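Structure at a glance
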Amino acid sequence: MSTIPAARWVLVRLSLLVLAAFELTLGVWTTFFPENFYNEVPTVDWTPPYSEHLFRDFGGATLGLGVMLAAATIWMERRLVLVALVAYLAFAVPHSLFHLEHLHGDSVTWSRVLEGYSYVSVIWPLAVLALAWKPSVTSRRPSDRTP
């Protein structure tokens, strides 16, 4: 097993922790309180109609992603970290592209907030992925040095 090099370990772990906490919170909220999420989060109601089924499914998938990010945070095994970040980006990229194409709503301020969130939710995990990608020079097995 290859671990994240010590110099990058703290930043990668902290980033994973924040992403995991966000996804777990979002997952619990949308799974167990989907209508509240729809009604209370600005910009969500810009693309109606509300669907309890869709929100509960989204919540369950988000919980699963949060669990994977939490596992990567706990064990910090390089391959697990890479898979967790790629899985997060598999969600974040299309999600962000959708929002960037649908910034029309009832508030210019919330449109700008959503735009900023859309960029950060992709650029930040990409940067963390780059930090975690390069294996430790102390790896002994060639298989540890491959992604």
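Above: the structure in question.
What this report covers is the structure whose coordinates are included nearby. (Residues numbered from 1 in each chain as written. Predicted model: local features only at pLDDT ≥ 70, side-chain atom pairs only at ≥ 80, totals over all residues. Heavy atoms only, no water.)

1. A closer look at the packing of helix α3 (residues 52-75) against helix α4 (residues 78-101)
Heads up, the rule is: Angular values range over 0 to 180 degrees, each being the angle between N-to-C directions of two axes fitted as lines to C-alpha atoms, with helices fitted over their stretch in contact. A helix here means a DSSP run of H or I that spans at least four residues, while a strand means a run of E at least two residues long, and both kinds are numbered starting from the N terminus. Geometric relationships in this document are graded by angle, where less than 35 degrees denotes roughly parallel, more than 145 denotes roughly antiparallel, 65 to 115 denotes roughly perpendicular, and other angles denote oblique. Two helices crossing with the near one rotated counterclockwise from the far one by less than a right angle form a left-handed crossing, whereas a clockwise rotation gives a right-handed crossing. For this analysis, residues touch if any pair of their heavy atoms sits within 4.5 Å. Note on residue classes: Ala, Val, Leu, Ile, Met, Phe, Trp, Tyr, Cys and Pro are nonpolar, Asp, Glu, Lys and Arg are charged, and everything else, Gly too, is polar.
One can describe the packing of α3 onto α4 by two numbers: an axis separation of 8 Å at closest approach and a directional angle of 155°. Relative to α4, α3 is oriented roughly antiparallel. When the axes of α3 and α4 are compared, the crossing they make is left-handed. Residues F58, L65, M68, L69, A71, A72 and W75 of α3 form the contact with α4, whose participating residues are L80, V81, V83, A84, A87, Y88 and F91. Here the residues of the contact of α3 with α4 are counted per class, giving 14 nonpolar, no polar and no charged.

2. A closer look at the side chain of E77
The line we're drawing: Relative accessibility decides the category of a residue: with a 1.4 Å probe and only protein chains considered, values under 20% of the type maximum give buried, values over 50% give exposed, and everything between is partly exposed. His is not counted, nor are the chain ends; Lys and Arg add positive charge and Asp and Glu add negative charge. By definition, a salt bridge exists where a carboxyl oxygen of Asp or Glu is found within 4 Å of a side-chain nitrogen of Lys or Arg. Side-chain atoms alone can form a polar contact between residues adjacent in sequence; in general such a contact is a pair of N or O atoms within 3.5 Å, and within protein one must be able to donate a hydrogen while the other accepts it.
Structurally, E77 is set in the loop between α3 and α4. Buried charged residue E77 carries no salt bridge. Nearest counter-charge: R79, at 5.1 Å. Looking at E77, its side chain comes within polar contact range of the main-chain nitrogen of R79, at 3.1 Å.

3. Let's talk about the packing of aromatic side chains
The line we're drawing: Two rings from Phe, Tyr or Trp (for Trp, the six-membered ring) form a pair when their centres sit within 6.5 Å of each other. Planes less than 30 degrees apart are called stacked, planes more than 60 degrees apart edge-to-face, and all others tilted.
Enumeration over the complete set of coordinates arrives at eight aromatic pairs. Ring centres 6.2 Å apart and planes at 45° place the aromatic pair F22 and Y117 in the tilted group. You can see F22 sitting in helix α1 (residues 6-32) and its partner Y117 sitting in helix α5 (residues 108-133), a full 95 residues away along the chain. Relative accessible area serves as the criterion here: at 40%, F22 is assigned to the partly exposed category. Arranged with centres 5.1 Å apart and planes meeting at 90°, the rings of W29 and F37 form a pair that is edge-to-face. One aromatic cluster is present, built from ring pairs that chain together W29, F37, Y38, Y50 and F55.

Bear in mind that shape data such as this cannot, by itself, settle questions of function.
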